[in-house]
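# Structural characterization, general
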Amino acid sequence: MSSVFLSVIVPVHGVQGYLRQCLDSILEPGCPGLEVIAIDDRSPDGCGAILDEYASHDPRVRVVHLEENVGLGEARNVGLSLATGEYVWFFDSDDYTADGAMLSVYERLQETKPDVLIFDYARSYWHGKVQRSVINKLFREPPAPDTFALRDRPSVLQLMMTAWNKAIRREFLVGLGLKFSGGYYEDINVTYPILMAAEKLSLLDEVVYIYRQRRRGAITRTGGKKHFDAFKQYERIFAFMAQHPETDQYRPLMFDRTIWHLLVILGRGDRVLPEDRERFFGEMSRIYRTFRPADHTLPEDVQLAAKYRLIEKNNYRAFETSKKLNERRIAAKKQVRKYRGKARKAVRFTKGKANGLRYRTQLHMAIDENLAVYAAYWYRGYACNPAAIYEKQRELAPHIKGVWVVKRGNAAKMPEGVPYVVAGTPEHARLMARAKYFVNNVNFTDDPIKRKGQVHVQTQHGTPLKKMGLDQMEYPVGANDMDFRELIDRADRWDFLVSSNPLSSEAWDRGFPCGYEMLETGYPRNDRLVRATAAEKAALRERLGVPEGKKAVLYAPTHRDYMKRFTPQFDLRNVTEAMGDEYVLLLRAHYFYRAKDRGLPEDRIIDVSAHPSAEDLMIASDALLTDYSSIMFDYAVLEDRPIVIYANDWETYKRTRGVNFDLVQQPPGVIAFTEEELIDAFASGRAWNDTAVKDRAAFRARFCSWEDGRAAERVVRRVFLGEQLPKPAK
């Protein structure tokens, strides 16, 4: 007899940003006899690698990699064929359980031993709202016995008919011969029949399952002909009922649920395409006439009863007339608001900065197909990924003119020969109105209007150890009163988003759930690090004033949301003196802080905070000292140089900012928590020992595998030349 009590079957496809939360929630400690069967349904992203990672660390996880994409229904069938548990639970891989819910399910199953256990759920919306199902009262009104049959409580058929809110006795399900079908709505031809056939049902009046409402990616909320699959699914249900006469008592209720669901599908404007609506209505009329029971009575609701009559007569024209009139009224109101909003944005962008009439006129002129806008760090100047892309674009797509936007005070620092405009000038307004391409490592301001045909490339400027985007909602200190709706409105402008490694792809998918194309290319700015030479290093050290024969340690701490000003986390004088005479410290404060005279001993500490290029500093140095800055991921590209992490406030940083992985468990080298440990890492040479080298190699393998010196080329070829890129190895 199997020792497995519960088999959780998780089909996986295209959910790399959410998969870890899903698996972590299922793999709750204290659940005996648990197995997780994860079916990699030929996922195009990093899901397969994530599943293998979990399986390597947790024997409860079994992974099956399918050779071709078979779809959700068939993937569930594969999992069912492998399951050994007394109960099975079909779990969607972008959802997760509520805290403590796994144990609640276990306890209820063991107490009641039902054929089917049904539990409640909550919808988790992208903007942070979590709402329990609106019909949750059906779990307790009237009070339910521990177990019952559907005939005693037919209202159960009104609950959500999905596979994921039920735990099913495996032998019962297999004995019915039911299989999930292909296409959309693949679970209803299983979930309705099992309720009608079960002798023992049980309800758990508790939010167990968190149903994620993604902004994009849910297939049943995508318009197309696949929604016609619903008719075959309901025909399968009625075919099952025909083979099981004992279910006849449920036929009127099942008929009403069928028509209700088909009306929902047709009523949602994002599902059935306009050209298919009449045919869909006709199919609904066919289902109505074929399966309406002889003793069926019309609903008491007058409007719904009227719809039933129109469906029976297949009178699509009358059905649509009232709906279209109402839609036109709503659309007219929205259009007025949209026009007013765009007009206000145009005025705001130009008010006090440029001629408003000129900007609005430019918006009506043709887009310049050979004009690109570049910017970095809120118009600070020529830097980071945009600069690397600009240089490669000039080489591979010289027909496109790139122009930078900079603040007036930074204009003098622009490299010779690089075109630029000053932010807030009429030239800036014209550029934003007419350019085809926009490349930035932060968001452009909200005011310029993105025109149809313009292309935005968001490069980001670091690998996210810390939580980003919507993930920050759970960390109010780090979020600092951020307006997340505005944040997502900005991300909706992106056509391309550059990713430096699989961790970034997961974080961007989750933090910015928008319609961009992910460019998994590596970071363009790191191409320099891949190609760095000894001669370049020597020249940079001389320019920075690094004494010959000294080991230069680049100290680059991150910004802390709970601190107002830059304060080193250790005593700079004490640590640099204790490290020994062979070391010199290159102090690089975060760019959020202004460079200033800190009164530091120049023979041991060189303040390079004002130096414009972090890449210069990395190449010039011999080792990196940082805390939680994303610079560690870039520096790891330089495979022969150690990294030391000073994590004296790691627990505070995790609580206030949130992190995407445990840096303490997976460091890029030596990790120190006290000044004494920090001093020892350098004074003893521990930063260069075999353990540190091994940790750095593992870190590089995980986070730098795409860095081959051609990242900028890949971005340019995809964005400016329209070439398709091969998928990187995961």
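For clarity, every value in this text was computed on a predicted model and none was experimentally measured. (Residues numbered from 1 in each chain as written. Predicted model: local features only at pLDDT ≥ 70, side-chain atom pairs only at ≥ 80, totals over all residues. Heavy atoms only, no water.)

### What about the packing of helix α20 (residues 572-579) against helix α24 (residues 675-683)?
Selection rule: Orientation is described by lines fitted to C-alpha atoms, with helices fitted over the stretch in contact, and by angles between N-to-C directions that extend from 0 to 180 degrees. The helix and strand labels rest on DSSP assignments: H or I over at least four residues marks a helix, E over at least two residues marks a strand, and numbering proceeds from the N terminus. What makes a crossing left-handed is the near helix being turned counterclockwise from the far one by less than a right angle; a clockwise turn instead makes it right-handed. What makes two residues a contact is simply this: any of their non-hydrogen atoms within 4.5 Å. Classes in brief: Ala, Val, Leu, Ile, Met, Phe, Trp, Tyr, Cys and Pro nonpolar; Asp, Glu, Lys and Arg charged; the others, Gly included, polar.
One can describe the packing of α20 onto α24 by two numbers: an axis separation of 8 Å at closest approach and a directional angle of 35°. Of the two possible hands of crossing, α20 and α24 adopt the one that is right-handed. Along the contact surface, α20 presents N574, V575, A578 and M579, while α24 presents E675, L678, I679, F682 and A683. The class makeup of the residues in the contact of α20 with α24 is seven nonpolar, one polar and one charged.

### Looking at the sheet that holds strand β21 (residues 643-646)
What counts, and what does not: In this scheme, strands are said to pair when DSSP sees at least two bridges between them.
Spatially, six strands are ordered β19-β18-β17-β20-β21-β22 in an open sheet, and the strand pairing comes out parallel. A strand with exactly one partner marks an edge of an open sheet, and here the two such strands are β19 (605-607) and β22 (670-672). Averaged over all pairs of adjacent strands, the angle between their axes in this sheet comes to 20°, without regard to strand direction. Against the sheet, α20 engages β17 (551-555), β18 (583-587) and β19, with an angle of about 150° to β18. α24 contacts β17, β18, β20 (623-626), β21 and β22 of the sheet and is inclined by roughly 175° relative to β21.

### Structural notes on the nonpolar core
Heads up, the rule is: Buried Ala, Val, Leu, Ile, Met, Phe, Trp, Tyr and Cys residues that are joined via side-chain atoms within 4.5 Å together make up what is termed a nonpolar core. Note on exposure labels: buried denotes an accessible area under 20% of the residue type's maximum, exposed denotes more than 50%, and partly exposed covers the range between, all computed with a 1.4 Å probe on protein chains only.
Membership of the largest hydrophobic core comes to 64 residues, with the highest contact counts inside it found for F90, V116, L173, Y192, I194, L195 and L262. Counting residues in each nonpolar core, the second largest holds 44 residues, with A383, C384, I389 and A507 among its members.

### Focus on a negative patch on the surface
The cut-off we apply is this: Excluding any residue in a salt bridge, patches collect residues exceeding 30% relative accessible area, merging like charges within 9 Å and nonpolar Val, Leu, Ile, Met, Phe, Trp and Tyr side chains within 5 Å. Each accessible area value is a Shrake-Rupley result obtained with a 1.4 Å probe; residue values ignore everything except the protein chains displayed when judging cover. By definition, a salt bridge exists where a carboxyl oxygen of Asp or Glu is found within 4 Å of a side-chain nitrogen of Lys or Arg. For the purpose of charge, His is not counted, nor are the chain termini; Lys and Arg are scored as positive and Asp and Glu as negative. Think of each charge as sitting on NZ of Lys, CZ of Arg, CG of Asp or CD of Glu.
Taken together, the side chains of D571, E577, E602 and D603 define an acidic patch exposed on the protein surface. Mapped onto the secondary structure, D603 falls in the loop between β18 and β19. Look at D603 and you get exposed, because its relative accessible area is 56%.

### Describing α24
Under the convention used in this document: Directions from the helix axis toward the C-beta atoms define the arc.
Listed in full, the buried residues belonging to α24 are L678, I679, A681 and F682. For α24, the arc enclosing every buried residue in end-on projection is 155°, short of the 170-degree limit, so these residues lie on one face. Contacts made by the buried residues of α24 are with β17, α20, β18, β20, β21 and β22. One or two steps after α24, the chain reaches G685, where phi turns positive at roughly 80°.

### Notes on the state of the cysteines
What is meant by a disulfide is a covalent connection between two cysteines, made through their sulfur atoms. The cut-off we apply is this: Disulfides are defined as pairs of cysteine sulfur atoms found within 2.5 Å of each other.
This structure, assessed with the given rule, holds zero disulfides. Between C31, a free cysteine, and C22, which holds the nearest cysteine sulfur, the sulfur-to-sulfur gap is 14 Å. On the basis of relative accessible area, C31 is assigned to the buried category, the value being 5%. Just so you know, C514 is unpaired, no disulfide at all, and the nearest cysteine sulfur is the one on C47, 19 Å from it. With a relative accessible area of 11%, C514 lands in the buried category.

### Details of the confidence of the model for the chain
Threshold: As a per-residue measure, pLDDT tells how confident the predictor is, with possible values from 0 to 100.
For the chain, per-residue confidence averages 91 on the pLDDT scale, and residues scoring 70 or more make up 92% of the total. Within the model, the stretch residues 592-596 combines pLDDT values under 50 with 11 contacts to residues more than four positions away or in other chains.

### Quick notes on the pattern of salt bridges
One pass over the full model with this rule turns up 44 salt bridges. In this structure, the salt-bridge partner of D205 is R132, at a minimum N-O distance of 2.6 Å. Linking D205 in strand β9 (residues 201-213) with R132 in strand β7 (residues 130-132), this pair joins segments that are 73 residues apart in sequence. With a relative accessible area of 36%, D205 lands in the partly exposed category. A relative accessible area of 29% places R132 in the partly exposed class. E312 serves as the salt-bridge partner of R292, at 3.6 Å between the closest nitrogen and oxygen. Here R292, found in the loop between α9 (277-291) and α10 (302-313), pairs with E312, found in helix α10; they are 20 residues apart in sequence, far enough to count as distant. Judged by its relative accessible area of 28%, R292 falls in the partly exposed class. For E312, a relative accessible area of 36% corresponds to the partly exposed category. Each of R76, D92, E186 and D187 takes part in a single network of salt bridges with overlapping partners.

### Observations regarding the pairing of strand β4 (residues 87-90)
In regular strands, side chains alternate between the two faces of the sheet. Burial along β4 is two-sided: Y87 and W89 and V88 and F90, pointing in opposite directions, are all buried. Relative to β4, strand β1 (residues 6-12) runs parallel, the two sharing four bridges. Within β4, the position partnered with L6 by the bridge is Y87. Relative to strand β8 (residues 166-169), β4 runs antiparallel, the two being bridged by three bridges. From the neighbouring strand, V88 faces β8, where its bridge partner is I168.

### Focus: the sheet that holds strand β13 (residues 435-440)
Judged by pairing direction, the sheet is parallel, and its seven strands sit side by side in the order β12-β11-β10-β13-β14-β15-β16 without closing on themselves. If you trace the sheet from one side to the other, it starts and ends with β12 (420-422) and β16 (517-520), each paired once. The mean angle between the axes of side-by-side strands here comes to 25°, regardless of whether they run parallel or antiparallel. Of the strand pairs in this sheet, strand β11 (residues 401-406) and β12 are connected by three bridges, and their pairing is parallel.

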